[in-house]
Structure formats: C-alpha cells, structure tokens
Amino acid sequence: MVDNNSSSNSPAENQNANPDGNLPSESGNTTIDALAHKVQESLSLSKRHKFWETQPVGQFKDLGDASLPEGPIEPPTPLSEVKQEPYNLPNLYEWVTCDMDSEETCNEVYNLLTNNYVEDDENMFRFNYSKEFLRWALCPPGYFRSWHIGVRVKSSKKLVAFITGVPAKIRARDTVVNMAEINFLCVHKKLRSKRLAPVMIKEVTRRVHLENIWQAAYTAGVILPTPVSTCQYWHRSLNPKKLIDVGFSRLGARMTMSRTIKLYKLPDSTVTPGFRKMELHDVPAVTRLLRNYLSQFIVAPDFDENDVEHWLLPKENVVDSYLVESPETHEINDFCSFYTLPSSILGNQNYSTLKAAYSYYNVSTKTPLLQLMNDALIVAKRNDYDVFNALDVMQNESFLKELKFGPGDGELHYYLYNYRINRVLRPSELGLVLL
Ligand SMILES: CCCCCCCCCCCCCC(=O)SCCNC(=O)CCNC(=O)[C@H](O)C(C)(C)COP(=O)(O)OP(=O)(O)OC[C@H]1O[C@@H](n2cnc3c(N)ncnc32)[C@H](O)[C@@H]1OP(=O)(O)O
C-alpha cells in the first residue's frame with residue numbers, strides 16, 4: 001500500500017507550500033514524523049500574526065477555552081457604517097471586478113492562477129483549475145459579481161492578484177448561517193511578501209459586508225488563527241506508472257512496477273446494479289438524500305434543490321455524480337460525486353498534466369460505502385484520471401485504507417471567519433468540501 005512505502009506530493013495536500021517557511025512533514029506515521037509535526041505546530045501557534053490577530057477569528061490564546069460562547073464573534077454593524085470606498089492599494093495597482101462571463105477576463109484569471117496558484121512544497125505540481133471549473137465555482141445561484149476581485153497594474157492592466165467569494169448557507173450545529181466561501185486567493189509570484197494578501201482579504205470582507213453577510217468559511221494549507229478542523233488528503237493511484245514517473249509517488253520498498261500496477265488494477269465496469277450518472281430529474285431525490293445525510297455533521301452546507309442542481313449535476317470535466325437507482329423500486333438510495341482538478345506537472349519532459357479527481361459528497365444508505373466508492377474509482381479510472389483524492393472528512397475514513405488510498409504529506413485546515421465553534425472538530429465531524 002501507498003501508506004508506508006511511497007510518498008506523494010500534490011498541491012492539494014501541500015497547500016502548506018507556505019510563504020512562512022514552515023516545513024510540512026513527509027507522509028508516513030513514524031514517530032519522528034509525528035514529533036516533527038508537533039514541533040511545527042507549536043512553532044506556528046506561537047508565531048505572531050500581525051494581520052490575523054486583528055480579525056474576528058478564534059485566537060490561539062483562546063484555544064481550549066470552552067467557556068466562550070459559540071456563534072458570531074462580533075455582531076453585524078449597521079450597513080450604513082460599512083466603509084463605502086475600497087481599501088487603498090499601493091499606488092501602482094487598481095481594483096477590478098472580474099466578469100467571469102467575459103472570455104477575455106476568464107482567460108486572464110485562468111492564466112494568473114495557472115502560473116501562480118498553489119504548488120506543493122517541492123514545486124513539482126501546481127493546481128490547474130480549468131476555465132469551465134472556475135466559472136462553475138464562482139457563479140453558483142445568487143452569486144455576487146462584486147465578490148470576484150482582481151488587482152491590476154494601472155499602467156499595463158496586467159492582472160496580478162485575485163480573491164473570490166461565493167454565497168453559501170452553512171449550518172453550524174443547529175444554526176444555518178449565510179456565509180461567504182472565500183477561495184482562489186492568489187498574488188503573482190513577483191509580488192509576494194508585500195502584505196498585499198491582508199488588503200485583499202479586507203476588501204473581500206468589505207464587499208461581503210455590503211451584502212449584509214458577516215461570516216465566511218475557507219480552507220488553507222497554512223496554519224492561521226484558528227482551524228475549526230485539520231484534515232488530511234489521501235490519494236488512490238489509478239495510473240501508478242505515471243504517478244511514479246512524475247514523482248507524485250514512489251515505488252514501494254520490495255515492489256516492482258508490474259506488481260504495483262497489479263495492486264492498483266480495477267475492473268472495467270462498475271459492480272452495483274442500478275449505478276448510473278445523475279440526471280436533472282434526480283435533483284429532488286438527491287437533495288433529500290443529501291440533506292438527510294449532511295444533518296449528522298457539525299458543520300455542513302445547507303443545500304436546496306438549486307444548490308444541488310448547480311453543485312452536483314454532472315458537468316463535463318468539472319463535476320461527476322453517480323447514484324444507485326434500485327432496479328426494483330426505482331428509489332435513489334446512494335450517491336457519490338467527484339470534481340476534476342488537474343495539476344500542471346512542472347519541468348517534466350514526458351508529461352505536462354496530472355488528471356486528478358477529488359471526492360466531493362458521497363451518501364450511502366443501501367449500497368455499502370466501500371462498494372459505492374470502489375465504483376467511483378472504476379468510473380474515474382475508465383475516464384483516464386491518474387489519481388483519486390479524498391479528504392478524511394465525513395465518513396471517508398471508513399473506506400480509505402481498504403480501497404488502497406495512501407495518506408498524503410500535507411494538511412488542509414478549515415476556518416470560519418467571525419464564528420466561534422468551541423472546540424476543534426474531528427474531520428469526521430465536518431460535512432463540508434470546499435473547492
Ligand atoms: C465576512 C466575510 C469575510 C471574508 C474573508 C474571510 C477570510 C478569508 C481569508 C482568505 C482565505 C483564502 C483561501 C485560499 O484561497 S487558500 C489558497 C491560498 N493561495 C495560495 O496558496 C496560492 C499561492 N500563494 C499566494 O498567492 C500567496 O502566497 C498568498 C496570496 C496566499 C499570500 O500572499 P503573500 O505570500 O504575498 O503574503 P502577504 O505578505 O501578502 O501577506 C501575509 C499575510 O497573509 C497571511 N496569509 C498567507 N497565506 C494565507 C492564506 N492562504 N489565507 C489567509 N491568509 C494567508 C499570512 O498569514 C500573513 O498574515 P499574518 O500571519 O501576518 O497575520
């Protein structure tokens with residue numbers, strides 16, 4: 001198994017390719033790794049965060065203080081008191097709102113992210129979100145164009161930084177909160193470490209406030225004050241030869257290439273009777289199934305039918321969803337989905353792209369989750385994905401090891417802005433996947 005014998009590096013697991021120079025630990029569960037990780041964590045916890053210390057987020061000093069009330073950290077301010085003008089940028093730059101419907105703007109955003117977004121620690125891979133994916137991720141029901149924020153060089157109009165929000169209803173325990181999901185924060189490599197990121201975060205916050213929304217959810221590879229939960233990526237090789245050739249994984253000790261290929265081989269067709277692609281007419285049934293399933297987690301999205309249609313109806317090369325329709329009753333009892341996020345392979349002679357599927361929302365009520373996810377692996381393999389990634393959120397832990405996923409070497413931290421949860425959650429208590 002990948003777990004102990006090989007290491008893998010992907011931008012996803014290494015969003016902690018971090019500007020602050022903390023070393024991420026290698027994969028594997030050795031004592032030294034665990035120790036190094038603890039040391040790193042305590043160094044991060046004692047570090048000053050000049051910007052984050054000023055924000056309404058859980059602070060490290062309050063960690064473990066269960067007496068603090070759950071819920072908003074600060075009350076909303078009257079809308080008339082929200083700053084009306086954008087924050088000041090350094091003189092050479094200007095704010096722009098990015099119209100993702102414009103082919104030209106979408107291209108510019110795509111190019112900025114393709115060349116400057118998240119890399120792994122060894123700079124071997126960089127996320128390569130497609131244009132269709134970006135449009136999907138940024139234009140859900142009720143989205144605000146004003147939350148798609150760019151920074152251009154005034155003179156040349158070159159796009160050099162980006163940050164986005166989309167609206168989402170997220171439930172924290174019993175309370176459904178209107179939030180913004182913040183993503184795609186990116187500063188051009190040449191403009192790093194100039195404190196541009198805090199200005200961008202303040203500007204997106206201002207624009208979210210203008211819509212009378214006061215909370216946000218986001219994930220990052222870096223440790224900031226203060227994670228609601230810390231999750232791990234796991235990877236299931238579908239094309240082990242390519243993954244080894246490009247340095248994503250290593251050949252295990254005492255393994256040959258042909259034994260490795262055999263180990264990860266999957267059947268050509270799915271095994272569950274009634275397993276098929278989700279269609280538009282399935283939206284009501286999938287919504288019911290998913291809402292019921294997500295109600296067990298402490299933090300989870302509160303999806304309605306419009307959300308399900310947007311986020312889960314299959315979209316080629318963006319999101320894939322399958323369900324099990326009972327051949328007898330035609331009831332829909334099981335559902336699985338993954339999104340498509342390739343990574344550019346940097347500096348490899350033979351390959352330029354790693355095709356990765358990321359586990360999204362999965363629900364099993366009749367088909368065992370293990371069997372359902374094995375069918376998901378089979379369709380992903382049939383569609384030429386190289387690797388299938390999954391976080392240890394929801395009930396994913398129950399299938400990871402058995403289906404030959406190996407742990408990655410990075411962590412993904414979940415955060416809430418202006419909302420306190422009074423203890424750190426286990427990944428299995430989280431029902432939320434952000435893109
Ligand atoms: C109510 C509504 C609220 C809405 C807002 C909710 C909050 C949303 C928050 C954003 C969620 C984003 C979710 C995603 O998109 S996560 C993906 C982030 N993007 C990348 O990793 C792409 C590659 N890296 C870059 O483009 C840059 O390194 C970035 C832009 C990340 C930082 O640029 P740079 O390296 O040039 O640094 P600086 O000198 O300008 O600024 C340094 C300050 O920035 C803090 N920093 C660094 N990385 C992150 C990070 N990932 N989240 C939050 N803060 C971050 C850092 O701790 C320090 O503050 P402090 O430690 O001194 O205090």
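Residues numbered from 1 in each chain as written. Predicted model: local features only at pLDDT ≥ 70, side-chain atom pairs only at ≥ 80, totals over all residues. Heavy atoms only, no water.

Per an unreviewed UniProt entry, the protein chain goes by Glycylpeptide N-tetradecanoyltransferase and derives from Nyssa sinensis. Under the UniProt heading Catalytic activity (unreviewed entry), the entry covering the protein chain gives this text: "N-terminal glycyl-[protein] + tetradecanoyl-CoA = N-tetradecanoylglycyl-[protein] + CoA + H(+)". Of the protein chain, the UniProt comment under Function (unreviewed entry) reads exactly: "Adds a myristoyl group to the N-terminal glycine residue of certain cellular proteins." (UniProt positions renumbered as here; feature names shortened; annotations may be inferred.)

(A) Broad picture of the confidence of the model for the protein chain. Residues of the protein chain with pLDDT of at least 70 account for 90%, and the chain-wide mean is 91. Here helix 1 (residues 2-5) stands out as the least confident element of the protein chain, with mean pLDDT 32; strand 5 (residues 175-187) is the most confident, with 99. Scored below 50 in pLDDT, residues 1-33 makes 106 contacts in the model with residues more than four places away or belonging to other chains. Interface scoring of the predicted complex returns ipTM 1.00; its pTM is 0.93. (pLDDT = per-residue confidence, 0-100. Helix = DSSP H or I, 4+ residues; strand = E, 2+ residues; numbered from the N terminus. Contact = heavy atoms within 4.5 Å.)

(B) Looking closely at the packing of helix 8 (residues 283-294) against helix 9 (residues 305-312). Here helix 8 crosses helix 9 at 100 degrees, and the two axes come no closer than 9 Å. Considered as vectors, helix 8 and helix 9 are oriented roughly perpendicular to each other. Only E305, V308, E309 and L312 of helix 9 make contact with helix 8, whose side of the interface consists of V283, P284, V286, T287 and L290. Each residue belonging to the contact of helix 8 with helix 9 can be placed in one class, and the counts come to six nonpolar, one polar and two charged. (Axes fitted to C-alpha atoms, helices over the stretch in contact; angles between N-to-C directions. Parallel < 35°, antiparallel > 145°, perpendicular 65-115°, else oblique. Nonpolar A, V, L, I, M, F, W, Y, C, P; charged D, E, K, R; others polar.)

(C) The site of the ligand, seen in detail. Close to the ligand lie 34 residues; H49, W52, L185, S193 and A197 are nearest. Between F51 and the ligand, the recorded distance is 2.8 Å, taken from a backbone N or O atom to an oxygen atom. K194 has a polar backbone atom sitting 3.4 Å from an oxygen atom of the ligand. Relative to its unbound accessible surface of 1,200 Å², the ligand loses 95% to contact with the protein. Mapped by element, the contributors of at least two residues to the shell around the ligand are strand 5, helix 5 (196-209) and strand 6 (215-220). Broken down by element, the residue count for the shell around the ligand peaks at seven residues, all from helix 5. For the shell around the ligand, a count of residues per class yields 22 nonpolar, eight polar and four charged. (Near = heavy atom within 4 Å. Polar contact = N/O pair within 3.5 Å; in protein donor to acceptor, adjacent residues only side chain to side chain. Areas by Shrake-Rupley, 256 points an atom, 1.4 Å probe, with all protein chains shown as cover.)

(D) Molecular detail of the pattern of salt bridges. All chains considered together, the criterion is met by 24 salt bridges. When the shortest N-O distance is used, the salt bridge between E119 and K189 registers 2.5 Å. With E119 in the loop between helix 3 (103-116) and strand 2 (125-127) and K189 in the loop between strand 5 and helix 5, the pair connects residues that are 70 residues apart, well separated along the chain. Looking at K189, the relative accessible area reads 38%, which means it is partly exposed. Through salt bridges that share partners, D99, D101 and R145 make up one connected network. (Salt bridge = Lys/Arg side-chain N within 4 Å of Asp/Glu carboxyl O. Buried < 20%, exposed > 50% of the residue type's maximum accessible area, 1.4 Å probe, protein only.)

(E) Local environment of the domain arrangement of the protein chain. The assigned domain composition of the protein chain is domain 1 (32-214) and domain 2 (230-429). On a C-alpha basis, the centres of domain 1 and domain 2 stand 25 Å from each other. Listed per partner, the contact involves 42 residues of domain 1 and 40 residues of domain 2. Together domain 1 and domain 2 conceal approximately 3,900 Å² of surface at their shared face, both sides included; 58% is due to carbon and sulfur atoms. When the buried surface of domain 1 facing domain 2 is broken down by residue, F125, W136 and R171 rank first, second and third, together holding 21% of it. For the pair domain 1 and domain 2, the number of links is two salt bridges. At the junction of domain 1 with domain 2, the criterion picks out 17 residue pairs in polar contact (both at pLDDT 80 or more). Going through the elements one at a time, strand 2, helix 4 (131-138), strand 4 (159-172) and strand 5 are the ones with two or more residues in the side of domain 1 that touches domain 2. (Domains from an automatic or database assignment. Buried area = accessible area lost by both parts, 1.4 Å probe.)

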